[in-house]
Amino acid sequence: MDAVQSTLNPMLQGYRMEPVQVRVGADFGRLDFVRIGTNDVSEINVVGFAANFAAKCEKYANSWECVVGEKFRDLLALEDVGLFSEHVDSPKRYTRNYETKRYRFYDVRWRKLLPELDGVTEHIAGNPTSAIEIF
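Please read these numbers as outputs of a predicted model, since none were measured by experiment. (Residues numbered from 1 in each chain as written. Predicted model: local features only at pLDDT ≥ 70, side-chain atom pairs only at ≥ 80, totals over all residues. Heavy atoms only, no water.)

K.L.:
Can you help me understand the sheet that holds strand β1 (residues 24-26) in this one?
P.N.:
Taken together, the 4 strands give an open sheet; going across it, the order is β1-β4-β8-β5, and neighbouring strands pair in mixed fashion. At either margin of the open sheet sits one strand with a lone partner, and together these are β1 and β5 (84-86). The mean angle between the axes of side-by-side strands here comes to 30 degrees, regardless of whether they run parallel or antiparallel. Summarising the sheet, β5 and strand β8 (residues 105-108) pair through 3 bridges and their orientation is antiparallel. Opposite Phe-84, over in β8, you have Val-108 as the bridge partner. Running over the sheet, helix α2 (residues 49-60) touches β1, β4 (66-69) and β8 and is turned about 150 degrees from β1. (Pairing = 2+ DSSP bridges. Helix = DSSP H or I, 4+ residues; strand = E, 2+ residues; numbered from the N terminus. Axes fitted to C-alpha atoms, helices over the stretch in contact; angles between N-to-C directions. Contact = heavy atoms within 4.5 Å.)

K.L.:
So what exactly am I meant to see when it comes to the packing of aromatic side chains here?
P.N.:
Given two aromatic rings, one states the distance between the centres and the angle between the planes to describe the pair. Overall, the coordinates contain 7 aromatic pairs when judged by the stated rule. Ring centres of Phe-49 and Tyr-103 lie 5.1 Å apart, and the angle between their planes is 85 degrees; this geometry places the pair in the edge-to-face category. On the criterion of sequence distance, the pair formed by Phe-49 in helix α2 and Tyr-103 in strand β7 (residues 99-103) is long-range, its members being 54 residues apart. Seen in terms of ring centroids, Phe-53 and Phe-105 are 6.1 Å apart; in terms of plane orientation they differ by 65 degrees. Their pairing is edge-to-face. On the criterion of sequence distance, the pair formed by Phe-53 in helix α2 and Phe-105 in strand β8 is long-range, its members being 52 residues apart. Taken as a pair, Phe-53 and Phe-105 share a single burial class, namely buried. Above the face of the Tyr-106 ring, Arg-73 is positioned so that its terminal group lies 4.9 Å from the ring centre. (Phe/Tyr/Trp six-rings, centres within 6.5 Å; stacked < 30°, edge-to-face > 60°. Buried < 20%, exposed > 50% of the residue type's maximum accessible area, 1.4 Å probe, protein only. Lys NZ or Arg CZ within 6 Å of the ring centre and 35° of its normal.)

Written out as C-alpha cells, the structure is:
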C-alpha cells in the first residue's frame with residue numbers, strides 16, 4: 001500500500017491519470033494451490049480457510065486500510081505496540097461441519113510497520129520461504 005501511495009500514484013498523477021486506491025485483507029494458515037483447466041489453458045487458484053477469510057477481511061477494509069484475521073494477528077502480536085485493534089464488526093461467525101464458530105479480525109495500523117520492513121525485499125531475494133530466516 002505504501003508503494004502505491006508514495007510511488008505509483010504520484011507517477012500516475014504526473015501522467016494526468018487517476019490515482020488508484022488500495023485495501024488489503026490477510027490471514028495466516030494452510031493454503032492449497034489448485035491448477036484448473038486443460039494442458040493448453042489453465043489457472044491456479046488458492047483454496048483454504050486463510051485465503052477465504054483474507055478475502056472477507058478485504059471486504060471489511062476501506063481504501064488505505066488493512067484488515068487481518070486472528071491467526072495473522074497472533075503471528076505479529078508478540079508485544080502490544082498498538083498495531084492492531086479489533087474491527088467494529090468482529091467477530092465473524094461461520095459454520096463448518098455443522099458447528100458454528102467465531103473468528104476475530106482486526107484493523108492494522110500498517111504504517112507503524114514500515115520502519116520494520118527496511119531491507120526485507122533484499123533479505124528474501126527470491127529465496128523459497130523454507131530458506132527465509134526470521135530476524
